[in-house]
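Okay, here's what each chain looks like letter by letter:
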Amino acid sequence: MSSALVLGAGGFIGGHLVSALKKEGKWVRGVDIKKHEYKDSDADDFVVGDLRDPQFTRSIIDQKFDEVYQLAADMGGAGYIFTGENDADVMHNSATINLNVLDAAVRRCVTRVFYSSSACIYPAHNQENPDSPICKESSAYPAAPDSEYGWEKLFSERLFMSYRRNYGIETRIARYHNIFGPNGTWKGGKEKAPAAICRKVALAPEGGEIEIWGDGKQTRSFLYVDECIEGTLRLMRSDYHLPVNIGSEEMVSINRLAELACEVAGKSLSVRHIDGPTGVRGRNSDNELARKVLNWEPSQSLKLGIELTYNWIELQTRRNKA
Ligand code: NAD
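Anyway, here's the lowdown on the structure attached to this text. (Residues numbered from 1 in each chain as written. Predicted model: local features only at pLDDT ≥ 70, side-chain atom pairs only at ≥ 80, totals over all residues. Heavy atoms only, no water.)

Concerning the packing of helix H8 (residues 254-265) against helix H10 (residues 302-321)
Consideration 1: Packing of H8 against H10 leaves a shortest axis separation of 9 Å and a crossing angle of 60°. For the element pair H8 / H10, the angle class is oblique. As H8 packs across H10, the resulting crossing turns out to be right-handed. Facing Leu257, Leu260, Ala261, Glu263, Val264 and Ala265 of H8, the residues of H10 in contact are Leu302, Lys303, Ile306, Glu307 and Tyr310. (Axes fitted to C-alpha atoms, helices over the stretch in contact; angles between N-to-C directions. Helix = DSSP H or I, 4+ residues; strand = E, 2+ residues; numbered from the N terminus. Parallel < 35°, antiparallel > 145°, perpendicular 65-115°, else oblique. Left-handed = near helix turned anticlockwise from the far one by under 90°. Contact = heavy atoms within 4.5 Å.)

Topic: the nonpolar core
What tends to happen in soluble globular proteins is that the nonpolar side chains get buried as a cluster.
Consideration 1: By size, the foremost hydrophobic cluster in this structure holds 55 residues, and its most contacted members are Tyr69 and Tyr176.
Consideration 2: Looking at this core, you find at least three residues from each of domain 1 (3-179 + 225-246) and domain 2 (181-221 + 250-284 + 300-321).
Consideration 3: With residues near it in sequence (within four places) discarded, tyrosine 176 still touches Ile13, Leu71, Phe114, Ser116, Ser117, Ser118, Ala119, Cys228, Thr232 and Ile246.
Consideration 4: Counting residues in each nonpolar core, the second largest holds 24 residues, with Leu5, Phe56, Val110 and Tyr115 among its members. (Core = buried A, V, L, I, M, F, W, Y, C linked by side-chain atoms within 4.5 Å. Buried < 20%, exposed > 50% of the residue type's maximum accessible area, 1.4 Å probe, protein only. Domains from an automatic or database assignment.)

A few points about the packing of aromatic side chains
Consideration 1: For the structure on display, the rule yields eight aromatic pairs.
Consideration 2: Seen from their ring centres, tyrosine 115 and phenylalanine 160 are 4.5 Å apart, and the 15° between their planes marks the pair as stacked. With tyrosine 115 in strand E5 (residues 112-118) and phenylalanine 160 in helix H5 (residues 148-167), the pair connects residues that are 45 residues apart, well separated along the chain.
Consideration 3: The class of tyrosine 115 is buried, set by a relative accessible area of 1%.
Consideration 4: Ring centres of phenylalanine 180 and tyrosine 224 lie 5.7 Å apart, and the angle between their planes is 75°; this geometry places the pair in the edge-to-face category. With phenylalanine 180 in strand E7 (residues 179-180) and tyrosine 224 in strand E10 (residues 223-224), the pair connects residues that are 44 residues apart, well separated along the chain.
Consideration 5: By way of ring pairs, the aromatic residues Tyr69, Phe114 and Tyr176 are connected into one cluster. (Phe/Tyr/Trp six-rings, centres within 6.5 Å; stacked < 30°, edge-to-face > 60°.)

Some details on the site of the ligand
Consideration 1: Every one of the 26 residues lining the ligand counts as a neighbour, but Ile13, Asp32, Tyr149, Ile179 and Lys192 are closest to it.
Consideration 2: Isoleucine 13 is positioned such that a nitrogen or oxygen atom in its backbone is 2.8 Å from an oxygen atom of the ligand.
Consideration 3: At 2.9 Å from an oxygen atom of the ligand is found a side-chain nitrogen or oxygen belonging to lysine 153.
Consideration 4: Relative to its unbound accessible area of 810 Å², the ligand is 92% covered by the protein chains.
Consideration 5: Per-element accounting of the shell around the ligand gives the leading share, three residues, to E5.
Consideration 6: Grouping the amino acids of the shell around the ligand by side-chain chemistry returns twelve nonpolar, eight polar and six charged. (Near = heavy atom within 4 Å. Polar contact = N/O pair within 3.5 Å; in protein donor to acceptor, adjacent residues only side chain to side chain. Areas by Shrake-Rupley, 256 points an atom, 1.4 Å probe, with all protein chains shown as cover. Nonpolar A, V, L, I, M, F, W, Y, C, P; charged D, E, K, R; others polar.)

Details of the packing of helix H4 (residues 87-107) against H5
Consideration 1: Interhelical geometry of H4 versus H5 gives an angle of 15° and a closest axis separation of 9 Å. When the axes of H4 and H5 are compared, the pair comes out roughly parallel. The two elements H4 and H5 meet at a crossing, and its hand is right-handed. On the side of H4, the interface is formed by Asp87, Val90, Met91, Ser94, Ala95, Asn98, Leu99, Leu102, Asp103 and Val106, while H5 contributes Glu148, Tyr149, Trp151, Glu152, Phe155, Ser156, Leu159, Phe160, Tyr163 and Tyr167.
Consideration 2: Here the contact of H4 with H5 is composed, by residue class, of 13 nonpolar, three polar and four charged.

Worth remembering: the numbers are spatial, not functional.
Spelled out as structure tokens, the structure:
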């Protein structure tokens, strides 16, 4: 039976990835510093521990896994990564995890490792126009990300690529663009825009008001998690070793995202714009390379994804009150 290791398995994307790999019939070990908050993991073996610890990292990479997926990172939405307050931790924690994982993978002769990078690596100056941001893979350099989170991702992309060059590990790198869906962080300060907006809409009384950071005219695209998993598996098993965008090209403003959530909820709410961290003015995935090298692009509408996510978050808010 083939085996897979998912690091960050207690998190949002990692949790969904474990389930997908189990459905394929693999033996799966999941590792995270915490258990999954919203469901029991489908992993055959789930180990709780800190991947910043090199001894621990070696102990869980104790065999030549067929596939290793490295998703563990100190991560959060704009409220966590764009305020500057968590920069040292974000850089230190995530870089240490990546250094430990690659070192341990070489020792166990692992041949294939996936790394989850981010659209946050793209230069801020290419994303000032909300209508036509540039996020082609080839536009990453000269580098100028707008956050330390983005700089760490860029460093780690290069780390993974250098392990391929010097140690012969096949590394695959995805640049995820705003992944959303059920079973992810929806409150507490680390949640991202779709979850935060769905929560605010779910909690607002009919005719009430929700708050949005900035003027809401900043644009983004959002990829539903099932499609992210499909893109991830396709990339992992492809022969393409340079970074690839895994995202949607359906770009909307944050105001439109809020409207969609209201439509799905059947509520009429007004929006109050307040100061808050917003990141770049515009960002959209460019899927030309994914179409070419993976023969794939996502097809599900944003509205359907918001419907599935809203329903899950609305249920969580009711459970929270109970
Ligand atoms: P997440 O925060 O839900 O998952 C990350 C997991 O890593 C968490 O469960 C966390 O506990 C774990 N982790 C953190 N520090 C650890 C440590 N020291 N030891 C062991 N585990 C540790 O985030 P996610 O949305 O599932 O993201 C997964 C990956 O994809 C991350 O690397 C993230 O940077 C990347 N990414 C996500 C998005 C997105 O929109 N969700 C976009 C771009 C990139």
